[in-house]
Amino acid sequence: MLEIYTVAFFGHRYIDNPFKVEELLEEQIKKLINGKEYVDFLVGRNGEFDQCVSSTVLRVRKNYRDDNSSLVLMLPYPTAEYINNQNYFEDYYSDIEISYAASKAHPKSAIQIRNREMVDRADLIICYVEEKRGGAWQTIQYATTQEKIVINLAQNEED
């Protein structure tokens, strides 16, 4: 039976140095693809960090290895962007999942509900969290209480 290792990504909506972040992500993604039988990469679409993750996963899969991983978009609810561009999304991501619980919740809490579901599914959390505030930080606090392995790329930067 195929052993699937699940990685969830969380980070701030805005990041100062996307090229540095992509470099750090690429290193982690290559290690995972090399070391695991199959990897599900779970990502949202709520800011610059998520965009960095998606483009880096796709680039590594294209240039390095694409037979043992998938990029899964996790939406809290069917966004207008998704509804209006469904074919593009289906071409870009390996799979798209919409959180049932989050889609039934108030929009202000939907992203946090979706994030907790991603944490609960994940074997590993990779994040880029510089500030101790906001949704990404709250999600990492939750991941810590769930005793998940967390790699914060913002803390691992070598300046």
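Residues numbered from 1 in each chain as written. Predicted model: local features only at pLDDT ≥ 70, side-chain atom pairs only at ≥ 80, totals over all residues. Heavy atoms only, no water.

### Things to note about the overall build of the chain
Right, so step 1: A tally of regular secondary structure across the chain gives seven helices and six strands.
Right, so step 2: Each helix (α) and strand (β) of the chain, taken in turn from the N terminus, gives the series β-α-β-α-β-α-α-β-α-α-β-α-β.
Right, so step 3: The globule rule puts the C-alpha radius of gyration for 159 residues at 15 Å, and the 15 Å found for the chain is close to it.
Right, so step 4: Over its C-alpha atoms, taken along the principal directions, the chain stretches across nearly 40 × 35 × 35 Å.
Right, so step 5: A buried classification covers 45% of the 159 residues belonging to the chain.
Right, so step 6: The contacts of the chain with a sequence gap of at least 6 include a subset with a gap of at least 24, amounting to 75%.
Right, so step 7: Total accessible area on the chain stands at roughly 8900 Å², and carbon and sulfur atoms take up 45% of it.
Right, so step 8: Charged side chains in the chain number 18 positive and 26 negative. The centres of these two groups are separated by 3 Å. (Helix = DSSP H or I, 4+ residues; strand = E, 2+ residues; numbered from the N terminus. Rg over C-alpha atoms; globule rule 2.2 N^0.38 Å. Buried < 20%, exposed > 50% of the residue type's maximum accessible area, 1.4 Å probe, protein only. Contact = heavy atoms within 4.5 Å. Areas by Shrake-Rupley, 256 points an atom, 1.4 Å probe, with all protein chains shown as cover. Lys, Arg positive; Asp, Glu negative; His and termini not counted. Charge placed at Lys NZ, Arg CZ, Asp CG, Glu CD.)

### Notes on the sheet that holds strand 4 (residues 95–98)
Right, so step 1: Pairing within the open sheet is parallel, and its six strands lie in the order 4-3-2-1-5-6. The open sheet has two edge strands, strand 4 and strand 6 (149–152), and neither has a second partner. In this sheet, neighbouring strand axes are inclined to one another by 25° on average, regardless of whether the strands run parallel or antiparallel.
Right, so step 2: Packing against the sheet, helix 2 (residues 48–63) makes contact with strand 1 (4–11), strand 2 (38–43), strand 3 (69–75) and strand 5 (124–128), and its axis sits at approximately 160° to strand 3. (Pairing = 2+ DSSP bridges. Axes fitted to C-alpha atoms, helices over the stretch in contact; angles between N-to-C directions.)

### Description of the pairing of strand 3
Side-chain direction in a regular strand flips from residue to residue, so the side chains alternate between the two faces of the sheet.
Right, so step 1: Burial analysis of strand 3 places seven of its seven residues in the buried class, which makes it a mostly covered element.
Right, so step 2: Where strand 2 lies against strand 3, five bridges are found, and the strand directions are parallel. Its bridge partner being in strand 3, F41 is matched across the sheet by L71.
Right, so step 3: Pairing geometry for strand 3 and strand 4, over four bridges, is parallel. Across the sheet, residue L73 finds its bridge partner in strand 4, namely I96.

### Quick notes on the environment of K104
Right, so step 1: Tracing the chain through its elements places K104 in the loop between helix 5 (100–103) and helix 6 (107–121).
Right, so step 2: Between the alpha carbons of K104 and P76 there is a distance of 9.2 Å; along the sequence they are 28 residues apart.

### Some thoughts on helix 1 (residues 18–35)
Right, so step 1: Spanning 18 residues, helix 1 covers 25 Å between terminal C-alpha atoms, matching the ideal 26 Å at 1.5 Å per step.
Right, so step 2: For helix 1, the complete set of buried residues consists of V21, E22, L24, L25, Q28, I29, L32 and I33. One side of helix 1 holds all its buried residues, which, seen down the axis, span an arc of 165°. Turned more than 90 degrees from where helix 1 packs its buried face, F19, E23, N34 and G35 sit exposed.
Right, so step 3: Tucked inside the fold, the buried residues of helix 1 contact strand 1, strand 2, helix 2, strand 3, strand 5 and strand 6. (Expected span 1.5 Å × (residues − 1). Arc of directions from axis to C-beta.)

### Some words on the pattern of salt bridges
Right, so step 1: Applying the stated criterion across every chain yields a total of eight salt bridges.
Right, so step 2: Two residues, K20 and E23, come together in a salt bridge whose shortest N-O distance is 3.8 Å. Taken together, the positions of K20 and E23, both in helix 1 and three residues apart, correspond to about one turn of that helix.
Right, so step 3: The class of E23 is exposed, set by a relative accessible area of 52%.
Right, so step 4: Where E26 meets K30, a salt bridge forms, and the shortest distance between an N and an O atom there is 3.4 Å. Here E26 pairs with K30, and both are found in helix 1, just four residues apart, close to one helical turn.
Right, so step 5: Overlapping salt bridges bring together E22, E26, K30 and R59 as one network. (Salt bridge = Lys/Arg side-chain N within 4 Å of Asp/Glu carboxyl O.)

### Description of unusual backbone geometry
Right, so step 1: Unlike most non-glycine residues, E147 shows phi in positive territory, near 60°.
Right, so step 2: On the accessibility criterion, E147 (73% relative accessible area) is exposed.

### A look at the state of the cysteines
Right, so step 1: All told, the structure shown has zero disulfides when counted by the stated rule.
Right, so step 2: Free of any disulfide, C52 has its nearest neighbouring cysteine sulfur in C127, separated by 14 Å.
Right, so step 3: By relative accessible area, C127 is classed as buried at 0%. (Disulfide = S-S within 2.5 Å.)

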